[in-house]
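Below are the chains, spelled out letter by letter.
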Amino acid sequence: MSARNDLMKNLFSLSLVLLLLFTRHSVAEELNNQIEEVLVNASLFPIAAKRSANAITIIDSEELKKRAVVSISDLLRDVPGLAVSRSGVQGSQTQIRVRGSEANHLLVLIDGIEANNASQNDELNWGTLVAADIERIEIIRGPQSSMQGSDALAGIVNIITRSADQPLSARAFVEGGSFDTQNTGLSAGINNGRFDARLGVSHLQTEGDNVARTGSEKDGYENTNINFKSGFEATSQLRFDFSARQSDGMNEYDSDGDFDGLVDDQDKKSKFKNTAFGLKANYVSKSSKWQHQFLISQSKNDNEDFNKDILGTSTNSTKDQYRFIGSLLFGDLSQRLSVLVEREEETFQQRGIVNDYGVYGIYDPNQDRARHADSIALEYRADISEKFTIAASTRLDNNSEFKNASTYFSMNEGLSFDLLDKGVTTYINECKEKRMSGRYIGSLVADFHRNLLKGGIFIYPRTNQYPNGKLRLLFEANALAFLAEQAGGLATANDTAILDIQPTSIHQTVPFYTGPKEMVSTLLAHLNS
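Keep in mind the model is a prediction, meaning the values are calculated, not measured.

*Asks:* A description of the overall build of the protein chain should follow, citing residues and the corresponding values.
*Replies:* For the protein chain, the helix and strand inventory stands at eight helices and 30 strands. Its C-alpha atoms put the protein chain at 105 × 60 × 60 Å along the principal axes. For the protein chain, long-range pairs separated by at least 24 residues make up 61% of all intrachain contacts whose partners lie at least 6 apart in sequence. If you sum the accessible surface of the protein chain, you get close to 28200 Å²; carbon and sulfur atoms cover 55% of it. Distance between charge centroids for the protein chain: 5 Å, based on 54 positive and 69 negative side chains.

Structure, rendered in structure tokens:
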């Protein structure tokens, strides 16, 4: 009888183990199917996450509810590869860098509309972006510039706002916290199957804190956010989507007024107003072999800086975008060829007070700029098997402002008072008059790499201390000169090309000028005069 009981126990245990294994396999299979269905914008058209070679992180609505933060930048602090830096309290200037890149190498999309601010060096001030009405965030780490342009050198953050998913819905919330923080909002939406619309309004304000070592004035922050999103399914093959968003507010801040390296308690504030809207049409043929998308959008960014309620500098920029993407699927829909045709038109205006700094020159911030870019991109993707996908893409940008010119000059301007060649000073002043961006520290490798990507000239001139230049010919100048010439540029030591110099010693040094042919030639003309 005891042996029979032991046998029954063993059979029961075995059955339980088999049941658990089967259940685990079924759950795993279901999860895998769910993961397969997760689509991300890591291509010209959304693809399954596992079909992308990039590192992808997705923050969905459930995680957004659990985190309960008021700022999107706080959500992204935990994402691998992202570095979030904020200059002060809530609402202060906030930057996000991907894998050590510049902040303007990250493209930010909100419902497919570019949010990068042309008046802030084409980067987004994340301090103005609240987490209200956000449904999903996709973070794609890795170069996407062959499809999305130079703004996506390091990756893309794609933010998707909430849509109406119920026949009739309404929601309101009131939150409070430390630093006298208040966060309120309400929303309403309708959905009848073919048409949906949702409107959300939120307001965030906080008294903030004082980040200066002295004083007691606190730096507050206010942000009123309005978001509208709707969609209309005209036919089973054609759908229209419209979205509009506005953020309006202000943030107070302190700065280093006496340049001693310490933040001073000051009565400064910045007002901002960011608006964007876009209309998108999606078409899919009955056979699903043809897919087309057309987008027209506009984004505007207005900023004003005040010191003791006196207006200092103001900027405003506008970006209009027109984009068409067409795709042909073939080979049992496992292969896709896509083409993108795009035009961007940008205007920028800055106003401020003209200041005379004596021997350092006159600073006039007033300027008006306009530029446009016409782009075309091609992408091919093929799903060879369940676990193997190949993809290739290329893009051509024709920018009206840049053409073959460049926008950066890099030189250690601390050498300005020790130069042997005064033509260098004349050239640097010309660059400043043209409103070019100066990399005044002159870091050789970092600035050479940036100029190679963005366009610009690097200068390490002769000085009284180093009359033959400081950079070593064999170990520094030759290597970078080779790269510059392969990229179609020049690298010279005054009148002699770097690669034509015959070395006379291992540690021979030379002056070093490298960049686009036009810029280097202009510099040489100044040196010879």
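*Asks:* I'd like to hear about the pattern of salt bridges, residue by residue, with values.
*Replies:* Enumeration over the complete set of coordinates arrives at 26 salt bridges. For Arg 77, the salt bridge is made with Asp 74, and the minimal N-O distance between the two is 3.3 Å. Under the relative-accessibility criterion, Arg 77 is labelled partly exposed at 39%. The exposure class assigned to Asp 74 is buried, which follows from its relative accessible area of 19%.

*Asks:* Residues and numbers for the sheet that holds strand S21 (residues 367–385), please.
*Replies:* One open sheet holds the eleven strands; their spatial order is S10-S11-S12-S13-S14-S15-S16-S17-S18-S21-S22, and the pairing between them is antiparallel. In the strand order of this sheet, the two ends are held by strand S10 (168–177) and strand S22 (388–399), each with one partner. When strand polarity is set aside, the average angle formed by the axes of neighbouring strands in this sheet is 10 degrees. As judged from the 13 bridges shared by strand S13 (residues 219–233) and strand S14 (residues 238–255), these two strands associate in the antiparallel manner. Opposite Glu 233, over in S14, you have Arg 239 as the bridge partner.

*Asks:* With reference to specific residues and values, describe the packing of aromatic side chains.
*Replies:* Inspection of every chain in the model, using the stated rule, returns two aromatic pairs. Aromatic pair Phe 228 and Phe 242: ring centres 6.3 Å apart, planes at 55 degrees, arrangement tilted. On the criterion of sequence distance, the pair formed by Phe 228 in strand S13 and Phe 242 in strand S14 is long-range, its members being 14 residues apart. Judged by centre distance (6.3 Å) and plane angle (55 degrees), the ring pair of Phe 458 and Phe 512 falls under tilted. Of this pair, Phe 458 sits in strand S25 (residues 456–460) while Phe 512 sits in strand S30 (residues 512–515), and the two are 54 residues apart along the sequence. Judged by relative accessible area, Phe 458 falls into the buried class, the value being 1%. If you follow Lys 269 out to its NZ or CZ, it ends over the ring of Phe 306, 6.0 Å from the centre.

So, how was this worked out
- Residues numbered from 1 in each chain as written.
- Predicted model: local features only at pLDDT ≥ 70, side-chain atom pairs only at ≥ 80, totals over all residues.
- Heavy atoms only, no water.
- Helix = DSSP H or I, 4+ residues; strand = E, 2+ residues; numbered from the N terminus.
- Contact = heavy atoms within 4.5 Å.
- Areas by Shrake-Rupley, 256 points an atom, 1.4 Å probe, with all protein chains shown as cover.
- Lys, Arg positive; Asp, Glu negative; His and termini not counted.
- Charge placed at Lys NZ, Arg CZ, Asp CG, Glu CD.
- Salt bridge = Lys/Arg side-chain N within 4 Å of Asp/Glu carboxyl O.
- Buried < 20%, exposed > 50% of the residue type's maximum accessible area, 1.4 Å probe, protein only.
- Pairing = 2+ DSSP bridges.
- Axes fitted to C-alpha atoms, helices over the stretch in contact; angles between N-to-C directions.
- Phe/Tyr/Trp six-rings, centres within 6.5 Å; stacked < 30°, edge-to-face > 60°.
- Lys NZ or Arg CZ within 6 Å of the ring centre and 35° of its normal.

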